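So you can see what is in the structure, the chains are spelled out below.
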Amino acid sequence: MLWRSLVSRFNYTLPTSYSRPIVLLNRCSSSAAVMRDTTKQLADLRALLKRENVDAYVVDSGDNHASEYVSEADKRREWLSGFTGSAGTAVILEKEAWLFTDGRYHLQASQELCPAWTLHKHGLPDVKSWQEQLANLPPGSRIGLDPSLISIGDHNTILPTLSKDSTLVPISKNLVDEVWADKLKRPAEPIVVHEKYSGKSIQEKLEEIRKELRKKKENWGIVVALLDEICWTLNLRGSDIAYNPVFFAHLVIPTASTSAPTLFVDIDQLPQATYDYLMANNILLEPYGDVVSYLQSVGRDLNEEQRVVLPSKTNLALALAVGIRKVDASGRGVIADLKGIKNSVEIEGFRQSHLRDGVALVRYFSWLERRLASGEPITESQAADKLEEFRSELEHFKGLSFETISSTGANAAIIHYAPSPTDSAIIDKDQIYLCDSGAQFTDGTTDTTRTLHFGTPTEREKRAFTRVLQGHIAIDSAIFPETTTGFLLDTWARKALWKDGLDYRHGTGHGIGSHLNVHEGPHGIGTRIAYNEVKLQAGHVVSNEPGYYEDGAFGIRIENVVVVQPADTPNNFGGTKFFRMERFTMVPISTNLVDARLLSSDELEWLNEYNEEVRSKLSPRLEEDPEALAWLEKETKPLSR
């Protein structure tokens, strides 16, 4: 999946006293890949570096909750650099400005950064990370940072690597905020109860969390700062961050079941029904801004042996409030693993939401093909709006799960492309079209990518598409032992591409939340070493999205969402369990882009069986749209050599 920077609120039905207009199609994105001169922002910031007596200042992409996607008010790095991608870190020095980002954004960043910046393309050979570059600063360097925007994990990793007499300098007032004159305020939207599709009650989840905490007798409790973990634990949803049904809060859960959890939140965001729900579940409420003073009090009352668990992504400011020596920040915390394994109610929600989403996508691709065939000019942004319109008609639809990537020709090679509503390309039926999109439903989150060609593809495009398809099939049809990690499985998706000397610079799959963030950990499929720390387990929902991209020419990606399920194998060697993938996504895979000569018999059978399954499941849902039904039947005809 890929993202745009629009604000898309969720279409929740609120109590009458809290109701307000909610705009479904609220698009205010800036143009993609446009360079913006940020020399003034840098000059203003450097003046503050002198005032604070620091040699460098770190500006990360996240907020104080380690969110991957942030509210407009928290887009400090974007405002400072002009780079609009979701992942990246800026380091500002007296005479230099560095921007670090991964392979998804190399091309985009190179187009958006003005000459005042140096782009560090992390992931390429010999390119150091921003943490490693800090270690290379001269001895005695003072490196400033906002302690609420750096994780305790990064702090503990970086500090020992710095050169002699160099140090990290926490600065409580964010320096970018001081020079950002027209900075917006954070949203504070109503918070709603989301229990029907959760599969577990608050009390069941709290008991699971406390059971894990009790494994270490010194654990006083846990501080939960990640917003999706708070939403999951309390069965609540919000809309404070575009596309992510979360709200700003902190949650403190004592290990002792006799002590009630405390939620730090803006009380005004709680409709009466939500307030009553929390009271019924014995959740204490405190103002959002009081979490630091509360943790300072907790830290003072701890005995010498007690420790407060702070997952490693928790910000440094909260660790300082408790006391660095009084926290255990050695791991990712217990909630990420519990949340990552979906229960039967959540899995059924994924099945149903993907069926509905498949209907919208088939209607959309059918509509688009007809318009292009008639010669009507359709821009990438207009097409994305039309897809959102189809989705908005679906039951349980709450909004998009990320900003739709609607890209034609060379734009499809920009992995995280975002078409401008005012200045995007006209879709060319004689070039590849890549659409990566998803939706939030009350019963699930979707994320689907399809690559299509509405004309006659070239032999090179067909060969590349087929190699990507072979990698996709390899993941979908994999049978693997319970000891397998996503790091190990990743090579299966790349093997066919490697035969042609091709590859891609992004992961093969990410975890997905249940009506939560479309990117979810800790599991995934990819080359990140962190994926080798998490074994794939039954209930893990993950995307399957290999791709290939030629700068200036085209891009290809095929993405389904799957769930890990037990496999029924003839044997269980050494008592080992084996797993397989169950696919949720039901959208045809284009056969006019396939070179059938490259496929094995099993791969060709997989493709035809998949498209047949899509046709059988979606046809009854498309009876009232004969044009879409005809397109579905055409696109799912069996392919032969």
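For the chain, an unreviewed UniProt entry supplies the name Peptidase M24, structural domain-containing protein and the organism Leucosporidium creatinivorum. Turning to the chain, the UniProt annotation filed under Cofactor (unreviewed entry) states: "Mn(2+)".

Novice: Explain the overall build of the chain here, please?
Specialist: What the chain contains, in helices and strands, is 18 helices and 28 strands. The C-alpha radius of gyration of the chain comes to 25 Å, within 12% of the 26 Å expected for a compact globule of 641 residues. Structurally, the chain occupies a C-alpha span of about 70 × 60 × 55 Å along its principal axes. For the chain, the share of sequence-separated contacts (at least 6 apart) that also reach a separation of at least 24 residues comes to 71%. Counting every atom, the chain has about 25500 Å² of accessible surface; 49% of that belongs to carbon and sulfur. Across the chain, 71 positive and 88 negative side-chain charges occur, with their mean positions spaced 2 Å apart.

Novice: I tried to follow the packing of aromatic side chains on my own but got confused; where do I start?
Specialist: For the structure shown, the criterion picks out 13 aromatic pairs. Ring geometry for Phe 365 versus Trp 631: centroids 6.1 Å apart, planes at 35°, classification tilted. Linking Phe 365 in helix H13 (residues 344-373) with Trp 631 in helix H18 (residues 626-635), this pair joins segments that are 266 residues apart in sequence. Here Phe 365 matches Trp 631 in class, with each residue buried. Taken together, the ring pairs in this structure connect Tyr 364, Phe 365, Trp 367 and Trp 631 into an aromatic cluster. Sitting over the ring of Trp 232, Lys 205 keeps its end group 4.4 Å from the ring centre. Over the aromatic face of Tyr 504 sits the side chain of Arg 494, whose NZ or CZ is 3.9 Å from the ring centroid.

Novice: Explain the sheet that holds strand S16 (residues 405-408) to me, please; I cannot follow it from the model alone.
Specialist: Strand pairing in a sheet relies on backbone hydrogen bonds. The paired strands run either parallel or antiparallel. If you trace the three strands from one edge of the open sheet to the other, you get S16-S17-S20, paired in antiparallel fashion. With partners counted over all chains shown, the strands left at the sheet margins are S16 and strand S20 (448-453), one partner each. The average angle at which neighbouring strand axes cross in this sheet is 10°, direction not considered. Sheet topology note: the S16/strand S17 (residues 432-437) ladder contains four bridges and is antiparallel. What sits directly across from Ser 407, in S17, is Leu 434. Set on the sheet, helix H14 (residues 380-392) makes contact with S16 and S17; between it and S16 the angle comes to about 140°.

Novice: Honestly, the packing of H13 against H18 in this entry has me stumped. Any pointers?
Specialist: The angle between the axes and the distance between the axes are what describe a pair of packed helices. Remark: H13 packs on H18, axes separated minimally by 9 Å, with the N-to-C direction vectors making an angle of 90°. Judged by the inter-axis angle, H13 sits roughly perpendicular to H18. Residue-level inspection shows Val 362, Arg 363, Phe 365, Ser 366, Glu 369 and Arg 370 of H13 in contact with H18, the latter providing Glu 627, Ala 628, Trp 631, Leu 632, Lys 634 and Glu 635. Along the lines of polarity and charge, the residues of the contact of H13 with H18 split into five nonpolar, one polar and six charged.

Novice: Would you mind showing me how to read the UniProt feature "domain: Creatinase N-terminal" (unreviewed entry) in the chain here?
Specialist: In the numbering used here, UniProt assigns the "domain: Creatinase N-terminal" (unreviewed entry) feature to residues 42-173. In residues 42-173, helix accounts for 28% and strand for 20%; the two terminal C-alpha atoms are 17 Å from one another.

Novice: Can you walk me through the pairing of strand S1 (residues 56-59) in this structure?
Specialist: Regular strands show a simple pattern: their side chains alternate between the two faces of the sheet. Residues Ala 56 and Val 58 of S1 are buried on one face, and the alternating residues Tyr 57 and Val 59, pointing to the opposite face, are buried as well. Sheet topology places S1 next to strand S5 (residues 142-145); two bridges connect them, and they run parallel. By the bridge assignment for S5, Ala 56 is matched with Ile 143. Pairing between S1 and strand S2 (residues 89-93): four bridges, direction antiparallel. Directly across from Val 59, in S2, lies its bridge partner Ala 90.

Novice: Can you help me understand the domain arrangement of the chain in this one?
Specialist: Where the parts come together, the accessible area they lose is often given as the size of the interface. When cut into domains, the chain gives domain 1 (38-179), domain 2 (192-335) and domain 3 (344-636). Each of domain 1 and domain 2 has a C-alpha centre, and these two points are 29 Å apart. Listed as interface residues are 18 residues of domain 1 and, on the opposing side, 21 residues of domain 2. When domain 1 packs against domain 2, close to 1400 Å² is buried across both sides, 66% of that on carbon and sulfur atoms. Of all residues in domain 1, Asn 64, His 65 and Ile 152 give up the largest surface area on contact with domain 2, accounting jointly for 43% of the area buried on that side. The interface formed by domain 1 and domain 2 holds zero salt bridges in total. Along the contact surface separating domain 1 from domain 2 lie 10 residue pairs in polar contact (both at pLDDT 80 or more). Of the residues forming the side of domain 1 that touches domain 2, the biggest block, three residues, is contributed by helix H5 (residues 152-158). Partitioning the side of domain 1 that touches domain 2 into residue classes produces eight nonpolar, eight polar and two charged.

Novice: Even after reading the chapter, I still don't get unusual backbone geometry, so can you show me in this structure?
Specialist: Keep in mind that most residues, glycine aside, have a negative phi and that most peptide bonds are trans. Cis geometry is found at the peptide bond from Gly 521 to Pro 522, where omega equals 5°. Within the chain, Asp 126 stands out as a residue other than glycine whose phi angle is a positive 70°. Positionally, Asp 126 belongs in the loop between strand S4 (118-121) and helix H4 (130-135). Of note in the backbone geometry, Tyr 243 takes a positive phi value of approximately 75° without being a glycine. Examined against the element boundaries, Tyr 243 turns out to sit in the loop between strand S9 (236-237) and strand S10 (249-254).

Calculation criteria
- Along every chain, residues carry numbers that run from 1 in the direction the sequence is written.
- Where totals are concerned, whole chains, interfaces and linings use all residues; where local detail is concerned, this predicted model gives features only for residues with pLDDT of at least 70, and gives and counts side-chain atom pairs only at 80 or more.
- The side-chain values count all of the structure's non-hydrogen atoms but skip hydrogen atoms and water molecules.
- UniProt positions are given in the numbering used here, feature names are shortened, and annotations may be inferred rather than shown by experiment.
- The way it works is that DSSP assigns letters per residue, a run of H or I at least four long becomes a helix, a run of E at least two long becomes a strand, and they are numbered from the N terminus.
- As defined in this context, the radius of gyration uses C-alpha atoms, and a globule is described by 2.2 Å times the residue total to the power 0.38.
- Working rule for contacts: check all heavy atoms of both residues, and any pair within 4.5 Å makes them a contact.
- Only the protein chains shown count as cover for residues, with accessible areas throughout obtained via the Shrake-Rupley method and a probe of 1.4 Å.
- We treat Lys and Arg as the positive residues and Asp and Glu as the negative residues; His and chain ends play no part in the count.
- Just so you know, the charge point we use is NZ for Lys, CZ for Arg, CG for Asp and CD for Glu.
- Between rings of Phe, Tyr and Trp, where Trp is taken as its six-membered ring, a pair exists when centres lie within 6.5 Å; planes separated by under 30 degrees are stacked, by over 60 edge-to-face, and by other angles tilted.
- For the exposure calls, accessible area comes from a 1.4 Å probe over protein chains only, and a residue counts as buried if that area is under 20% of its type's maximum, exposed if over 50%, partly exposed in between.
- Charges are assigned to positions over rings by a cutoff of 6 Å between ring centre and Lys NZ or Arg CZ, combined with an angular limit of 35 degrees from the ring normal.
- We treat two strands as partners when DSSP finds at least two bridges between them.
- Axis definition: a line fitted to C-alpha atoms, limited for helices to the stretch in contact. Angles are taken between N-to-C directions and run from 0 to 180 degrees.
- Throughout this description, any angle smaller than 35 degrees is read as roughly parallel, any larger than 145 degrees as roughly antiparallel, any in the 65 to 115 degree range as roughly perpendicular, and the remainder as oblique.
- Each residue is assigned to one of three groups, with Ala, Val, Leu, Ile, Met, Phe, Trp, Tyr, Cys and Pro labelled nonpolar, Asp, Glu, Lys and Arg labelled charged, and all others, Gly among them, labelled polar.
- Note: domain ranges come from an automatic or database domain assignment.
- By definition, the buried area sums, over both parts, the 1.4 Å-probe accessible area that each loses when the two are put together.
- The working definition used for a salt bridge is a side-chain nitrogen of Lys or Arg within 4 Å of a carboxyl oxygen of Asp or Glu.
- Distance and chemistry together define a polar contact, namely a pair of N or O atoms within 3.5 Å, with one atom able to donate a hydrogen and the other to accept it when in protein, and with adjacent residues in sequence counting only for side-chain atoms on both sides.

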